[in-house]
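# A structural walkthrough
If you want the building blocks of each chain, they are given just below.
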Amino acid sequence: MRVLLGVTGGIAAYKVALVLRRLAEDGHDVRVIPTAASLNFVGRATWEALSGHPAPTDTFEDVPSVQHVRLGQSADLVLVAPATADFLAAYARGEARDLLGNALLATHAPVLVAPAMHTEMWEHPATQANVATLKARGVHVLDPAVGRLTGADSGPGRLPEPDAIVAAAYAVAEGAGLPSQGPDAGWGDLAGVRVVVTAGGTREPIDPVRYLGNRSSGHQGFAIAEAARERGAEVTVVAANVSLPVSEGVNRIDVSTGTELAHAIETVEDECDVLVMAAAVADFAPAQRSDHKIKKAGNGGLTLELVPTEDLLRGLVERGTVPVVVGFAAETGDDAASAAEHAAAKARRKGAALLVFNEVGTTKGFGDVPNSVRILDAAGAEVAAASGSKLAVAHAVLDAIASLGTIRKSV
Ligand code: CTP
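Residues numbered from 1 in each chain as written. Predicted model: local features only at pLDDT ≥ 70, side-chain atom pairs only at ≥ 80, totals over all residues. Heavy atoms only, no water.

## Thoughts on the environment of Met 117
By secondary structure assignment, the location of Met 117 is in the loop between strand 4 (111-115) and helix 6 (119-123). Looking at Met 117, the relative accessible area reads 10%, which means it is buried. Between the C-alpha atoms of Met 117 and Gly 155, which are 38 residues apart in sequence, the distance is 10 Å. Non-local contacts of Met 117, meaning those with residues more than four positions away in its chain, are made with Ala 83, Thr 84, Ala 85, Leu 88, Trp 122, Thr 127, Leu 149, Pro 156 and Gly 157. (Helix = DSSP H or I, 4+ residues; strand = E, 2+ residues; numbered from the N terminus. Buried < 20%, exposed > 50% of the residue type's maximum accessible area, 1.4 Å probe, protein only. Contact = heavy atoms within 4.5 Å.)

What follows is the structure in structure tokens.
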């Protein structure tokens, strides 16, 4: 098949070199038209070497072959990736201001565009109106993936991974329309990654009606699960006493005690690429659990003997089965040290790849309220900080995980 590949001026252009390579390896004849702005990101030599053809930009190059018409007329498929907001606006207006604009007006081939830009630009009403215009004309527009963007931020606007673009290109060329663009389609930056998130707070029974517990609601852990799913991961939540529903597509294992939490982790540990220990695990459990309700009558007071529970996070780090383990620490300051100093010492002691620390008080941090965290590495140094909704904080935690380097993909 003859593919016309338009490349416009966005940083994601570098990923499109892999798209071109895949198409060429599959035996297709690909002609690349980079816009002038795109050459700031990837040079012409890359496109010419990978396609084996000249990669013209300007309408007035090679005029005798009338290529501004010929390239569009002879294509079986036109793919524009990445498509910038400016390109979408020009294409929606039918502008022929450069060779790519001319070729698009001269083609009868199906056209697939893969937008990539910052979330604000993608969500802007002008961009959305341009996308609607193009779709109404029969242009296939890929939804951008959710994930890490160029700066420290994340959200919808990422160019889907090269394999997903190639799959969409083949589907469009065959007249099958766009394939599913959900989290299963290799869309986000965590596509193929198995993520396990523990959430909520464990309860250690004292008797059949009482327990030792904590105030963790599970909101932050559930938000991390939701964000990881949005970014394409296969996600399992181990929920310790959480009354919230999980978001669509997230697997759920319910547990109550620390021992049940430990067993649940064991069942998923071998196939887990990233484990986020957001659950608040009780540090102590009653030495004995009474089989009957402890009566008040006759008891002047009650002394409970408590024994320490197993440190699950430390055990996970020591076993080393899971490539990336992330801990949480809700800290308060005291006479010995500030909350931040306690957190840094905990990061070094626990040895997890990252430790997400937030300062809590009686009114701070719990429930469906905004959160504010600092993310520390295993040496206790701060690598990122985030405040905002629990979903925004969740994305910041996933950004920090993505910044650790290549993540194993087990799916
Ligand atoms: N954690 C765990 N197992 C425990 C206790 C905690 O896996 N028995 C994990 C939590 O899920 C969290 C991290 O360890 O990710 C930090 O929990 P925290 O209670 O703050 O740590 P502790 O080691 O118990 O330290 P502290 O003495 O401050 O309570």
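After that view of the structure, there is still more to cover.
## Quick look at the domain arrangement of the protein
It is common to give the size of an interface as the accessible area lost on bringing the parts into contact. Under the domain assignment, the protein is made up of domain 1 (2-181) and domain 2 (194-402). Computed over C-alpha atoms, the centres of domain 1 and domain 2 are 44 Å apart. At the interface, 6 residues of domain 1 touch 4 residues of domain 2. Each partner contributes to the roughly 410 Å² buried at the junction of domain 1 and domain 2, and carbon and sulfur atoms together form 48% of this total. Among the residues domain 1 hides against domain 2, the three largest losses belong to Val 146, Arg 148 and Ser 154. Together they make up 85% of the total. At the boundary of domain 1 and domain 2, one finds 0 salt bridges. Across the contact surface, domain 1 and domain 2 share 0 residue pairs in polar contact (both at pLDDT 80 or more). If one sorts the elements of the side of domain 1 that touches domain 2 by residue count, strand 6 (residues 145-148) sits on top with 3 residues. Classifying every residue of the side of domain 1 that touches domain 2 by side-chain character gives 2 nonpolar, 2 polar and 2 charged. (Domains from an automatic or database assignment. Buried area = accessible area lost by both parts, 1.4 Å probe. Salt bridge = Lys/Arg side-chain N within 4 Å of Asp/Glu carboxyl O. Polar contact = N/O pair within 3.5 Å; in protein donor to acceptor, adjacent residues only side chain to side chain. Nonpolar A, V, L, I, M, F, W, Y, C, P; charged D, E, K, R; others polar.)

## Describing the pairing of strand 13 (residues 274-277)
Because side chains alternate across strand 13, one face comprises the buried residues Val 274 and Val 276, and the other comprises Leu 275 and Met 277, equally buried. Here strand 13 pairs with strand 16 (residues 324-331) via 4 bridges, running parallel. Opposite Met 277, over in strand 16, you have Gly 327 as the bridge partner. (Pairing = 2+ DSSP bridges.)

## Quick word on the sheet that holds strand 2 (residues 29-34)
Read from one edge to the other, the open sheet built from 5 strands follows the order 2-1-3-4-5, with strand pairing classed as parallel. Looking at the sheet topology across the chains shown, the edges are occupied by strand 2 and strand 5 (140-141). Pairing of strand 1 (residues 2-7) with strand 2, which is carried by 6 bridges, proceeds in the parallel orientation. Within strand 2, the position partnered with Leu 5 by the bridge is Val 32.

## Observations concerning the site of the ligand
Taken together, 14 residues lie near the ligand, and Met 277, Ala 279, Leu 313, Lys 346 and Lys 350 sit nearest. Within the contact set of the ligand, an oxygen atom lies 2.7 Å away from a backbone nitrogen or oxygen of Ala 279. Here Leu 312 contributes a backbone N or O atom positioned 3.0 Å from a nitrogen atom of the ligand. If you map the ligand onto the pockets, it falls in the largest pocket. Listing elements by their share of the shell around the ligand, those giving two or more residues are helix 11 (312-319), strand 16 and helix 12 (339-350). Top element by residues in the shell around the ligand is helix 12. It accounts for 3 residues. Looking at the shell around the ligand residue by residue, the class counts come to 6 nonpolar, 2 polar and 6 charged. (Near = heavy atom within 4 Å. 1 Å grid on protein atoms, 1.4 Å probe; cavity = no way out; pocket = protein on both sides within 12 Å on 5 of 7 lines; lining within 4 Å. Sits in = over half its atoms within 2 Å of the grid points.)

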